[in-house]
Amino acid sequence: MTVLSYSGYRFPRDIIQRAVWLYLRFTLRFRDVEELLAERGITVTYESIRRWVLTFGPTIARGLRARRPKPHARWHLDEVFVRISGTQMDLWRAVDAEGEVLDVLLQTKRDRRAAQKLMRKLLKKQGMAPETWVTDKCPAYGAALREMKLSRVDHVQRKRANNRAESSHVPVRRREAKLQGFESPGSAQRVLSMPAATYNTFTVPRHLVSARTHRLFRAEAFAMWRGAAGAPA
């Protein structure tokens with residue numbers, strides 16, 4: 001696993017990690033993070049924060065994913081339209097039955113090959129195959145499963161069965177609105193994939209657990225973040 005090094009930066013490691021955490025954890029712009037740090041007496045430009053996120057964010061996200069347990073064996077796949085520099089593209093997303101974001105993939109088409117690309121990426125990254133694929137009625141999913149010889153696995157396409165994936169698009173829309181759109185496909189892929197790993201780590205169904213259990217989960221999430229960010233224990 002890659003070990004992060006903060007040597008050579010003018011600001012201490014703790015400040016850099018706090019700035020990156022704020023941006024990935026919440027729906028904020030770089031200028032918002034700049035003001036939050038300024039309130040704490042830390043003067044740093046939003047451009048420095050942007051560079052920190054681009055430099056450390058991908059490695060931290062990979063570290064968080066590596067520390068997550070295996071996902072639920074029921075995977076939900078869905079796609080949503082996003083507009084990038086005036087061009088409409090498809091954002092393919094996969095979540096498990098518990099709402100964990102498994103992967104996001106921005107593509108130009110909504111066909112069999114695009115569905116296959118997402119499925120292959122999922123199988124390779126997760127190191128396992130699901131027991132059930134849940135999708136909408138887009139024919140690309142069925143065609144992709146047949147060509148990949150995965151048609152024997154349960155494939156559910158019932159009405160409302162894929163609400164889990166459709167509901168998970170809400171954070172994407174919030175970030176898209178906050179940023180007033182995405183500048184390029186590459187930046188959109190980065191901006192959406194890095195916060196997804198942080199979302200998985202810190203989002204706990206608070207209404208389903210006691211206050212004491214929630215505090216324990218939150219402490220574990222911060223410990224996982226510090227481990228991925230290279231912070232001292």
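Up top is the structure these notes are about.
Residues numbered from 1 in each chain as written. Predicted model: local features only at pLDDT ≥ 70, side-chain atom pairs only at ≥ 80, totals over all residues. Heavy atoms only, no water.

Engineer: Is there a simple way to think about the overall build of the protein in this case?
Structural biologist: Check the secondary structure of the protein and you find nine helices and five strands. Secondary structure of the protein in N-to-C order comes out as α-α-α-β-β-β-α-β-α-β-α-α-α-α. In summary, the protein has a C-alpha radius of gyration of 19 Å against a globular reference of 17 Å for 233 residues, a match within 12%. Counting across all 233 residues of the protein, residues that qualify as buried make up 46%. Restricting to contacts in the protein with at least 6 residues of sequence separation, those with at least 24 account for 59%. For the protein, the exposed area adds up to about 13200 Å²; of that, 49% sits on carbon and sulfur atoms. (Helix = DSSP H or I, 4+ residues; strand = E, 2+ residues; numbered from the N terminus. Rg over C-alpha atoms; globule rule 2.2 N^0.38 Å. Buried < 20%, exposed > 50% of the residue type's maximum accessible area, 1.4 Å probe, protein only. Contact = heavy atoms within 4.5 Å. Areas by Shrake-Rupley, 256 points an atom, 1.4 Å probe, with all protein chains shown as cover.)

Engineer: Would you mind showing me how to read the packing of helix α3 (residues 46-67) against helix α9 (residues 211-229) here?
Structural biologist: Packed helices, taken two at a time, are described by their axes: the angle between them and the distance between them. At a minimum axis separation of 8 Å, α3 and α9 run at an interaxial angle of 130°. Here α3 lies oblique to α9, going by the angle between them. In this structure, α3 crosses over α9, and the sense of that crossing is right-handed. Seen from α3, the contacting residues are Ile60, Gly63, Leu64 and Arg67; seen from α9, they are Met224, Trp225, Gly227, Ala228 and Ala229. (Axes fitted to C-alpha atoms, helices over the stretch in contact; angles between N-to-C directions. Parallel < 35°, antiparallel > 145°, perpendicular 65-115°, else oblique. Left-handed = near helix turned anticlockwise from the far one by under 90°.)

Engineer: What is the right way to read empty space enclosed by the protein from this model?
Structural biologist: The rolling of a water-molecule-sized probe over the atoms marks out the regions of remaining empty space. Under the definition given, this model contains one cavity of 30 Å³ or more. Roughly 60 Å³ of internal volume is contained in the largest cavity. Around the largest cavity, the lining residues are Arg65, Val101, Leu102, Asp103, Val104, Lys125, Ser193, Ala196, Ala197 and Asn200. The set of elements that each furnish at least two residues to the lining of the largest cavity consists of β3 (101-107) and α8 (185-202). For the lining of the largest cavity, the per-class residue count stands at five nonpolar, two polar and three charged. (1 Å grid on protein atoms, 1.4 Å probe; cavity = no way out; pocket = protein on both sides within 12 Å on 5 of 7 lines; lining within 4 Å. Points joined across faces, edges and corners; volume = space filled by probe spheres on them. Nonpolar A, V, L, I, M, F, W, Y, C, P; charged D, E, K, R; others polar.)

Engineer: Would you mind going over the sheet that holds strand β1 (residues 74-84) with me for this structure?
Structural biologist: Spatial strand order, β3-β2-β1-β4-β5: five strands in an open sheet with mixed pairing. The outermost strands of the open sheet, each flanked by one partner alone, are β3 and β5 (154-156). Along the sheet, successive strands turn relative to each other by an average axial angle of 20°, direction set aside. Along the sheet, helix α4 (residues 112-126) contacts β1, β2 (87-96), β3 and β4 (132-134); its crossing angle with β3, the most-contacted strand, is approximately 145°. Relative to β3, α8 is tilted by about 175°, and along the sheet it contacts β1, β2 and β3. (Pairing = 2+ DSSP bridges.)

Engineer: Help me understand the packing of aromatic side chains in this model?
Structural biologist: The description of an aromatic ring pair rests on the distance of the ring centres and on the angle between the ring planes. Enumeration over the complete set of coordinates arrives at ten aromatic pairs. Ring geometry for tryptophan 21 against phenylalanine 26: centres 5.4 Å apart, planes inclined by 85°, an arrangement best described as edge-to-face. Look at phenylalanine 26 and you get partly exposed, because its relative accessible area is 36%. Pairing tryptophan 92 with tyrosine 141 gives two aromatic rings, centres 5.6 Å apart and planes at 70°, and the pair type is edge-to-face. (Phe/Tyr/Trp six-rings, centres within 6.5 Å; stacked < 30°, edge-to-face > 60°.)

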